[in-house]
Amino acid sequence: MNPQPKTMFEKVWAQHEVVPETPDTPAVLYIDLHLIHEVTSPQAFAVLRERGLRVRRTDLTLATMDHSTPTRTEQVFGGAPITIESAAKQIRELERNCAEFGVELLGLQHASRGIVHVIGPELGVTQPGKTVVCGDSHTSTHGAFGALAFGIGSTEVGHVFATQCLLQRKPRTLAVNVSGRLRPGVTAKDLILGIIGKLGVAGGTGHVIEYRGEAIRALDMDERMTICNMSIEAGARAGMVAPDDTTYAYLKGTPRAPKGEAWEAAVERWRQLPTDDGARFDREIDLDASTLEPMITYGTNPGMVIPISGSVPAPNGDPAFAKSLAYMGFDAGTPLRDKPVNVVFIGSCTNSRLSDLRSAARVLRGRKIASGVKMLVVPGSQQVKRAAEAEGLHQIFLDAGAEWRESGCSMCLGMNGDLVPPGQYSVSTSNRNFEGRQGTGARTLLASPLTAAASAVRGRVTDPRELLA
Amino acid sequence: MEPIKTIRSRTVVLPLENIDTDQIIPARFLRSTTREGFGRNLFADWRYDASGAPKPDFVLNQPEARGCTILVAGRNFGCGSSREHAPWALTDYGFRAVVSTEFADIFRNNALKNGLVPVLVDEPTSRWLIEHPGAEITIDLETTSLALPEGQRVSFPLEPFARYCLMNGVDELGFLLSKSADIDAYERRRAAV
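Since we're looking at a predicted model, the values are computed, not measured.

Calculation rules
Residues numbered from 1 in each chain as written. Chains lettered and ligands numbered in written order. Predicted model: local features only at pLDDT ≥ 70, side-chain atom pairs only at ≥ 80, totals over all residues. Helix = DSSP H or I, 4+ residues; strand = E, 2+ residues; numbered from the N terminus. Contact = placed C-beta atoms within 7 Å. Rg over C-alpha atoms; globule rule 2.2 N^0.38 Å. Buried ≥ 20, exposed ≤ 12 C-beta atoms within 10 Å, placed from the backbone. Axes fitted to C-alpha atoms, helices over the stretch in contact; angles between N-to-C directions. Parallel < 35°, antiparallel > 145°, perpendicular 65-115°, else oblique. Left-handed = near helix turned anticlockwise from the far one by under 90°. Nonpolar A, V, L, I, M, F, W, Y, C, P; charged D, E, K, R; others polar. Pairing = 2+ DSSP bridges. Domains from an automatic or database assignment. pLDDT = per-residue confidence, 0-100. Right-handed = clockwise from strand over helix to strand, strands pointing away. Core = buried A, V, L, I, M, F, W, Y, C linked by C-beta atoms within 7 Å.

## Let's talk about the overall build of chain B
So, step 1. Helices and strands together make up the secondary structure of chain B, namely 8 helices and 7 strands.
So, step 2. Along the first, second and third principal axes, the C-alpha atoms of chain B reach 65 × 45 × 25 Å.
So, step 3. Look at the contacts in chain B between residues 6 or more apart in sequence, and 66% of them connect residues 24 or more apart.

Here it is, written out as structure tokens:
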């Protein structure tokens with residue numbers, strides 16, 4: 001019998017300690033996969049240049065571009081100029097840096113390009129038990145595979161370039177135990193919004209979350225990624241789900257997953273990763289998935305969330321709460337249902353995978369979006385785009401009156417110019433409803449692809465179950 | 001980095017909780033590829049109106065804020081995006097320390113690497129500071145304590161290694177590079193498995 005049962009996080013951490021932490025110094029932690037993009041890497045490349053350093057492990061480093069990239073086909077493939085000069089410059093600089101330092105780049109026209117957190121899993125470079133970092137807080141997405149994956153700043157990007165390591169204090173552990181099953185029309189997005197509502201936006205600070213329980217085991221990989229993706233919105237360092245047959249079935253046959261005997265050996269290793277019986281977490285919370293409704297946010301952080309049939313809560317004396325409602329133009333005590341909607345965005349590293357697009361298409365098939373509503377559907381990667389087109393999903397979106405774009409972060413943060421105009425209401429499948437996140441003065445309501453699509457059809461905040469046969 | 005021993009300043013107070021990095025520096029300013037010049041867009045959407053004119057009611061636009069190097073903010077400061085542009089904007093503007101009851105993890109890491117001291121205080125100290133904007137306080141890294149105007153001292157936690165780096169103006173990359181032999185050995189060990 002194992003004398004010291006361990007959590008999955010503790011196992012992955014221990015396997016990557018180059019030098020363990022001491023009271024005076026943090027641990028030196030080895031990084032197995034370093035994903036980079038155009039926004040947070042240039043300053044790190046500059047440090048390498050200043051100090052005459054090279055990228056230590058180009059074979060463990062993979063670059064793509066997603067944040068500042070255009071989503072209009074003519075700009076990506078047709079030679080039309082990129083309207084924002086600073087965005088074009090950032091893209092060129094990543095190309096130059098990758099060429100100079102020998103880093104593989106899935107560039108603007110590459111068939112495997114996409115949002116960094118969508119392509120890692122698609123390519124099979126995201127694997128159980130790995131440490132994965134990227135200069136992006138939604139790196140937590142990769143934890144869906146039982147990887148320890150977290151966002152870092154640009155200085156740390158430089159550290160990983162030069163040493164393949166990071167200096168880290170060991171975080172604490174938090175188990176989120178989810179029993180029951182999601183009801184029809186209620187999705188992984190609603191579940192994670194429900195979890196964030198319960199934990200609060202700082203509830204996970206200093207912790208790595210492990211999502212556990214019947215409801216989590218029943219989720220497919222796209223759904224687990226949606227859950228882990230938003231761990232950071234609860235303040236958590238990372239989110240993880242134990243690998244299982246669902247994980248292995250997804251990874252098997254992806255372009256860069258191990259093959260043949262190496263695959264068998266890898267699966268054998270991965271089966272040792274799940275948390276041992278009797279292992280202790282620093283904290284635990286419980287949630288029953290079967291009690292959840294579709295969820296939607298009403299305020300300016302993802303913890304300000306209610307069931308779609310609910311009303312905006314009463315003020316609690318917190319000045320930030322009042323400021324938030326004033327920004328959103330909502331009054332306490334009023335329902336969100338039937339509030340008018342101007343823009344609908346289906347996309348982002350949270351909800352832009354094939355199953356998310358299928359989910360939106362299920363609502364939109366044979367329907368039109370309401371007049372006056374602008375709807376953008378932005379696939380998470382070029383691979384997702386091709387797969388969606390092979391199924392005819394793009395035609396459903398186009399017939400409904402939505403725009404179908406090339407992949408990228410797009411309207412999640414509007415760096416490429418895909419913006420929600422000031423004062424307008426956007427129902428968005430992205431991850432942040434911060435003030436100005438989708439554009440200066442934009443008012444964001446976070447929801448699932450089902451809810452977003454249903455709201456596009458009605459032109460009002462809509463419970464998708466009303467449109468699902 | 002300049003070594004930091006003490007920071008003495010009047011405070012600027014932003015009492016809101018959950019100030020996210022999108023407020024500190026909005027995404028549209030992240031298309032720059034250098035570390036410099038973010039200070040003028042610090043809190044841009046709170047600080048300027050649509051025409052780019054300063055909003056007179058925003059605290060950084062008030063004359064008392066001029067020259068202050070310590071920002072006091074509500075709980076969970078720096079949540080959201082991992083953008084290091086947030087501490088770059090704060091330091092470029094002139095801030096040397098932020099005082100709050102809680103910091104988001106990535107922001108705290110990024111701040112420490114840029115000579116911006118995250119000072120974690122208890123609820124009563126935070127409340128006093130929020131109720132006394134412009135108070136002259138001293139943050140001392142030697143004793144890891146914050147001195148209030150009447151001389152009362154409140155100690156704050158600071159990871160010893162981070163404190164060492166701040167006080168000596170040392171960056172962590174040098175330390176990591178000094179571990180090269182350990183990293184080589186680790187890679188050999190892993191390759192053998």
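## Remarks on the overall build of chain A
So, step 1. Summing up its helical and strand segments, chain A has 16 helices and 19 strands in all.
So, step 2. By the compact-globule yardstick of 23 Å for 469 residues, chain A fits well, its C-alpha radius of gyration being 21 Å.
So, step 3. Taken along its principal axes, the extent of the C-alpha atoms in chain A is 60 × 55 × 45 Å.
So, step 4. Of all 469 residues assigned to chain A, the portion counted as buried reaches 60%.
So, step 5. Put simply, of all contacts in chain A between residues at least 6 apart along the chain, 76% involve residues at least 24 apart.

## Let's talk about the packing of helix α7 (residues 188–199) of chain A against helix α9 (residues 221–229) of chain A
Residue and element names in this part refer to chain A.
So, step 1. At a closest axis distance of 9 Å, the pairing of α7 and α9 adopts a crossing angle of 25°. In terms of orientation, α7 and α9 fall into the roughly parallel class. Crossing hand, α7 versus α9: right-handed. From α7, Ala188, Lys189, Leu191 and Ile192 reach across to α9, where they touch Glu223, Thr226 and Ile227.
So, step 2. Of the residues contributing to the contact of α7 with α9, the split by class is 4 nonpolar, 1 polar and 2 charged.

## A look at the sheet that holds strand β7 (residues 148–151) of chain A
Residues and elements named next belong to chain A.
So, step 1. The strand order across the open sheet built from 5 strands is β5-β4-β3-β6-β7, with neighbouring strands paired in parallel fashion. Each end of this open sheet is capped by a strand with a single partner; those strands are β5 (104–106) and β7. Here the average twist between neighbouring strands, direction ignored, is 20°.

## Details of the environment of glutamate 95 of chain A
Residues and elements named next belong to chain A.
So, step 1. Residue position: glutamate 95 is located in helix α4 (residues 85–101).
So, step 2. C-alpha of glutamate 95 to C-alpha of methionine 65: the two residues are 30 residues apart in sequence and 9.4 Å apart in space.
So, step 3. Ignoring any residue separated from it by four or fewer positions in sequence, one finds glutamate 95 in contact with Leu105 and Gly107.

## A closer look at the domain arrangement of chain A
How large an interface is tends to be reported as the accessible area lost when its parts come together.
All names here are of chain A.
So, step 1. Once the domains are mapped, chain A shows domain 1 (8–168), domain 2 (172–242 + 268–290) and domain 3 (296–466).
So, step 2. When each unit is reduced to the centre of its C-alpha atoms, the spacing between domain 1 and domain 3 is 28 Å.
So, step 3. With 23 residues of domain 1 in contact, the opposing surface of domain 3 contributes 20 residues.
So, step 4. Secondary-structure elements contributing two or more residues to the side of domain 1 that touches domain 3 are α3 (73–76) and α5 (116–123).
So, step 5. At 4 residues, the largest contribution of residues to the side of domain 1 that touches domain 3 is made by α5.

## Considering the interface of chain A and chain B
So, step 1. At the interface, 55 residues of chain A touch 44 residues of chain B.
So, step 2. It is helix α6 (residues 154–163) of chain A that contributes the most residues to the side of chain A that touches chain B, 6 residues altogether.
So, step 3. Considered class by class, the residues forming the side of chain A that touches chain B number 21 nonpolar, 23 polar and 11 charged.

## Quick word on the confidence of the model for chain B
So, step 1. Of all residues in chain B, 100% have pLDDT values of 70 or greater, and the mean over the chain is 97.
So, step 2. Across the assembled chains, the prediction reports ipTM 0.97 with pTM 0.97.

## Some points on the pairing of strand β10 (residues 207–212) of chain A
All names here are of chain A.
So, step 1. A large share of β10 lies buried, amounting to 6 of its 6 residues.
So, step 2. As paired strands, strand β9 (residues 172–179) and β10 are joined by 6 bridges and run parallel to one another. Directly across from alanine 175, in β10, lies its bridge partner glutamate 210.
So, step 3. With α7 bridging β9 and its parallel neighbour β10, the resulting β-α-β unit is right-handed.
So, step 4. Relative to strand β11 (residues 238–240), β10 runs parallel, the two being bridged by 3 bridges. Counterpart to valine 208 in the pairing with β11 is alanine 238.

## Observations concerning helix α16 (residues 449–458) of chain A
All names here are of chain A.
So, step 1. Burial analysis of α16 places 9 of its 10 residues in the buried class, the great majority of the element.
So, step 2. Contacts from the buried residues of α16 go to β13 (295–297), β15 (343–346), α13 (354–364), β16 (374–377) and β18 (425–428).
So, step 3. Where α16 ends, the next residue or the one after it, glycine 459, has phi of about 75°, a positive value.

## Describing the nonpolar core
So, step 1. Within the largest apolar cluster, 195 residues are counted, with the highest numbers of intra-cluster contacts made by Ile296, Val344, Val377 and Ala453 of chain A together with Val98 of chain B.
So, step 2. For this core, the element with the highest residue contribution is α7 of chain A, accounting for 7 residues.
So, step 3. Once residues lying within four places of it in the same chain are set aside, the contact partners of valine 344 of chain A are Val373, Met375, Val427, Ala452, Ser455 and Ala456 of chain A.

## Points about the packing of helix α2 (residues 42–51) of chain A against α6 of chain A
Residue and element names in this part refer to chain A.
So, step 1. Look at α2 against α6: their axes get within 8 Å of each other, and the N-to-C directions meet at 50°. When the axes of α2 and α6 are compared, the pair comes out oblique. In this structure, the crossing between α2 and α6 has a hand that is right-handed. Here Gln43, Ala44, Val47 and Leu48 of α2 lie close against α6, whose contacting residues are Ser154, Val157, Gly158, Phe161 and Ala162.
So, step 2. Of the residues that constitute the contact of α2 with α6, the class distribution is 6 nonpolar, 3 polar and no charged.

## Section: the sheet that holds strand β2 (residues 27–30) of chain A
Residues and elements named next belong to chain A.
So, step 1. Sheet architecture is open: 3 strands sit in the order β1-β2-β8, paired in antiparallel fashion. Each end of this open sheet is capped by a strand with a single partner; those strands are β1 (17–19) and β8 (165–168). Going from strand to strand, the sheet's axes swing by 40° on average, the running direction of each strand aside.
So, step 2. As judged from the 2 bridges shared by β1 and β2, these two strands associate in the antiparallel manner.

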